[in-house]
Amino acid sequence: MRKILVICVALLSVQFDMLAQTSIEVTGTVTEAETGISLPGVNILEKDTGNGVMTDFNGKFSIEVPEDAILIVSYIGYATEQIEVNGQNQIDIEMDIETSALEDVVVVGYGTQRKKDLTGSVSVVSTEDFEQQPVTRVDQVLQGRAAGVQVTQAGGAPGGESRVRIRGANSVLGNNDPLYVIDGYVGADFNMVNPSDIESIQVLKDAASTSIYGSRGANGVVIITTKDGTPGEIQVSYEGNFSVSEVIQKWDVLGASEFAQVVNQRSEALGISPVFTSEEISGYESNGGTDWQDVIFRTAIGQEHKVNVSGGGEKTSYLVSGNYIDSKGIIENSDFKRYGIRSNISSEINDNLSIGVNISGTRLENHNTGLQSGASNPVVQALAWAPTTAVYDENGNYILSDPVGSFTYSPAALLYERNNDNQRNIANIIANVNYKLPIEGLSLDLNYAVNYLNSQGQSFVGNAASQNNPSASRSSAEQITLQATNALNYNRTLNEVHKINAVAVFETQEFTNNYFSSAGNTLLFPSLGYYNLPLAESYTVGSGFTNWSLLSYLGRFNYTYNDKLLASAAIRRDGSSKFAEGNKFSTFPSLALGYVLSEENFIQKLNVFDQLKIRGSWGKTGSQAINPYATLSTYNTNTPMAFNSGGVRSGIQIGNPGNPNLKWETTAQTDIGLEMQFFNRRLSVEVDYFKKNTKDLLLNQALPSYVGGGTQTQNVGEIENKGFEFILSADILNSDLFSWSSNLNVSTVKNKVESLGGIASRIPQGTHVGGGLSTTNEFMLMPGESLASYWGLEYLGTWKPGQEEQASRYNAVPGDSRYEDINGDGTITTDDFQIIGKGIPTTSAGWNNTFTYNGFTLNLFFQGVFGIDKLNYTRGAAMTGSGDARQFILSDIQDRYIPGVNETSDIPAFSNSNIMFTQSSRFVEKGDYVRLKNISLAYDLPDSFLKDANLSLYLSATNLLTFTEYSGIDPESSNIGSATDTAQGIDYGAYPNSKTYTVGLNLTF
């Protein structure tokens, strides 16, 4: 009671003290110091209280505060002011523009520039855009956050494959991935960097920005700079999180009783005996059956831990970090692990000389994260095996044969009797020296890098997944890359109006690869797996070696006049050992101009724009889309030959002929951009239009038999990509208590094959998976169409009542499948195939919103893709009742055409005359989607909670909501196609992306 009385007295004394203070009304106007323009929306807050106001449209404010109060004046893009009231009733405040708002530095190729001076198209991804979000790789950071960048998580497994494209795809034979540059090392693997170690990411998109990388810049460039140490006391930070993942959704399938009834209905329609008795059906209705999706999918657990230590003195700073990821996949017996360590050290030896060394090591372990394609895929078999078939027999062994549904292996056996493991070890050392030469503004940068990659692969197929013919294989590959970059930089401002930034570079890179592989079939002791391959009835051995190098000279000159007229010119000459004499070297120039209109008086008088800049660029980049020895003729080895009566022996025969006239693919790009800022830089708008034309396209031309047959790579053909990019950034609300910032980006790209060089009117592409699904290649390369154009029949629904006469021409009846007969010959064949869809999206978008309130931070990030089709072979295999899946398991089959009952359905009836083609528009679906990619809530605990430490907690959900018309599990994932962009977008048991819930903490002390 005494304690309560003391507290009450203390509170009363505080109240009397507050009443004793004299409050006054303070009014005034807030303006920009440089121009005198009134600033609306400025926050005026009494220090250490929640008492605050905002200036009106004319910059005026009025606030009641004590006579001795201190006012905190803050506004986006301006330096925060602290104003002592000292009893004044009228206070006019002038705010200075923050230097960083105008002088933001952007990392470009072989140097840096002020963002204001950029003449090229560069997207910047800030670390604030993905802080406290569960991103583990650079591709996840880029997805939806950079205009002009399309990222597809094609493989939803942890550590699975992704596809990154900047302004479309340029090459048919070559890789269309962008070039990654990490701390100056060109051609880096983005898996070697942990997102928490990233200081900045810049995406170079137009030719003015990428031509400095010449033959490797055609697909765009992603420049990643990692963090340096912070001088001062040692600072240690730890971030850890745990996650739970589950499949986004499952297929709607028939239960065991429903399945048995549908099977019997089909038997009746086909005039054969029923498969199930009424007693069996009643038993399934009472006891249920096997849900094969529950067999293969699981709730997966994951964890991630990151530690960062930084510090240093006046001359030397360091950063050491480590990270560990252990993620289970949502499909049984699949997982991914990553171990990483990094050390960045920089030291200023004297006023002119500084050095730095960055060392990183990464180990990646993938276990069954790449599912087998085709009928041996467990997802496919989960929709093929009957729910009336059990997983195990009475002895606990896998049931290996499905008497009703599938011809192929049990989904459970495919999960546990097939193992595919891969380990990659990456080590990277980058050393740099910077020396300021005696000439003002001139410096020498020396950068040397060594990158080492060792990859090990193992696979095993056991008895239950191979019809008692177990096999195994092992592979080993090693790659060593050496890089030397010598750059001379000149940076000078003359007479305060002429800014010159120039660089000249000499660079070399050498790439050495060697590999070894072995495989054994019919293993004598399957329990040994891939550890003793010689114990097999037969085995094969392979090995290889490649070496190639790149020699480059390059230069760039940037000029700015009076902060408003901008010009940039660059040229690079690359020489590659891949090409024969006469074609080894190629030159890649670029030119860009810019005009900062907001520096002109007539624009400033409008009082509308804080910044207004127009820019345009043109340039050329290239691609070496060939292997190191593509100009040479090849030989086929291990070819069976009968030389004499001694029988068949392994021989050597002439393979594909080389082409010494091969040269670089060249991409010319034009870009026009407009940049605007309004409302004191709280609203930013950026618009770009681009057009890219790739010529001398590398294609394989089939050769006639009389010259030896095979194919020869030639420079023919042309591809065009064009589109728009739109970026909108807004600081909608900003105060010390609450803020809301929003970033929206939308990108379009139209891809078109302009020419095939006359070698053919069309070129088939794709895998032709067969198995009753396809009769020819699923993709076609044709002038006027985009890459990854689906090739198949146009499905017109089912024949309906009243169309008996038309249907009879095709030996069909109402209820049977109907396809477009293009040539009108009365038969449906591959001659009636046409383009039925496109596997490349035309539009991508991202919308990132961040809200803060009193220590809480809420992030909502939406990502979407539009204008894309998917060939859903997974659904096709389960809805045709032929091939591997003999029966129908999807619930959709209950809505089929039934004579006299349901005669409007476009799902074919059970009929002996029906012929179904899976390679048709019936199974081509819209792959458009909008996804709540991330929602996270973080809370920064008050400083008083932990002495000398900062602690924040966060919760997040990834892929929480997906809005799509696609009938499959995941509209984003796909698994059938090729390494190039000519064949992509087929879902045939693709590993789906997961819905993930994460809880974590950040601790810094």
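Definitions and limits used
- Residues numbered from 1 in each chain as written.
- Predicted model: local features only at pLDDT ≥ 70, side-chain atom pairs only at ≥ 80, totals over all residues.
- Heavy atoms only, no water.
- Helix = DSSP H or I, 4+ residues; strand = E, 2+ residues; numbered from the N terminus.
- Rg over C-alpha atoms; globule rule 2.2 N^0.38 Å.
- Buried < 20%, exposed > 50% of the residue type's maximum accessible area, 1.4 Å probe, protein only.
- Contact = heavy atoms within 4.5 Å.
- Areas by Shrake-Rupley, 256 points an atom, 1.4 Å probe, with all protein chains shown as cover.
- Domains from an automatic or database assignment.
- Pairing = 2+ DSSP bridges.
- Axes fitted to C-alpha atoms, helices over the stretch in contact; angles between N-to-C directions.
- Salt bridge = Lys/Arg side-chain N within 4 Å of Asp/Glu carboxyl O.

## A word on the overall build of the protein chain
Consideration 1: The secondary structure content of the protein chain amounts to twelve helices and 52 strands.
Consideration 2: The C-alpha radius of gyration of the protein chain comes to 33 Å, within 12% of the 30 Å expected for a compact globule of 1005 residues.
Consideration 3: Taken along its principal axes, the extent of the C-alpha atoms in the protein chain is 100 × 85 × 60 Å.
Consideration 4: The 1005 residues of the protein chain split such that 51% are buried.
Consideration 5: The contacts of the protein chain with a sequence gap of at least 6 include a subset with a gap of at least 24, amounting to 68%.
Consideration 6: Carbon and sulfur atoms provide 54% of the accessible area of the protein chain, an area that totals close to 44,300 Å².

## Considerations on the domain arrangement of the protein chain
Consideration 1: When the domains of the protein chain are assigned, the result is domain 1 (23-95), domain 2 (105-241) and domain 3 (627-661).
Consideration 2: Look at where the C-alpha atoms of domain 1 and domain 2 centre, and you get two points 40 Å apart.

## Concerning the pairing of strand β50 (residues 950-964)
Consecutive side chains of a regular strand alternate in pointing toward one face of the sheet and then the other.
Consideration 1: Where strand β49 (residues 929-940) and β50 come together, eleven bridges link them in antiparallel fashion. Paired with Ala-938 across the strands is Tyr-954, a residue of β50.
Consideration 2: The sheet contact formed by β50 and strand β52 (residues 994-1004) spans nine bridges and is antiparallel. What sits directly across from Asn-950, in β52, is Thr-1004.

## So, the sheet that holds strand β3 (residues 52-54)
Consideration 1: Read from one edge of the open sheet, four strands run β3-β2-β5-β6, paired in antiparallel fashion. Whereas interior strands pair on both sides, the edge strands pair on one side only; in this sheet they are β3 and β6 (81-84). Sheet twist, expressed as the mean angle between neighbouring strand axes with direction ignored, is 20°.
Consideration 2: Here strand β2 (residues 43-46) runs beside strand β5 (residues 70-74); their pairing, made up of four bridges, is antiparallel.

## Notes on the sheet that holds strand β48 (residues 924-926)
Consideration 1: Ordered by their spatial adjacency, three strands build an open sheet running β48-β47-β51, and the pairing between neighbours is mixed. Each edge of the open sheet is held by one strand with a lone partner, namely β48 and β51 (986-987).
Consideration 2: Sheet topology note: the strand β47 (residues 869-872)/β48 ladder contains three bridges and is antiparallel. In the sheet register, Lys-870 faces β48, and the bridge partner there is Glu-925.

## Considerations on the pairing of strand β16 (residues 221-226)
Consideration 1: Most of β16 is tucked away: five of the six residues are buried.
Consideration 2: In this sheet, β16 lies alongside strand β13 (residues 179-182) in parallel orientation, the contact comprising four bridges. Each bridged residue has a counterpart across the sheet, and for Tyr-180 the counterpart in β16 is Val-222.
Consideration 3: Of the strand pairs in this sheet, strand β15 (residues 198-204) and β16 are connected by six bridges, and their pairing is antiparallel. In the strand pairing of β16, Val-203 is matched with Val-222.

## Re the pattern of salt bridges
Consideration 1: Summed over the entire model, instances satisfying the criterion amount to 40 salt bridges.
Consideration 2: A salt bridge links Arg-167 to Glu-725; the shortest N-O distance between them is 2.7 Å. With Arg-167 in the loop between β12 (163-166) and β13 and Glu-725 in strand β36 (residues 718-734), this pair connects stretches of sequence that are 558 residues apart.
Consideration 3: A relative accessible area of 2% means that Arg-167 is categorised as buried.

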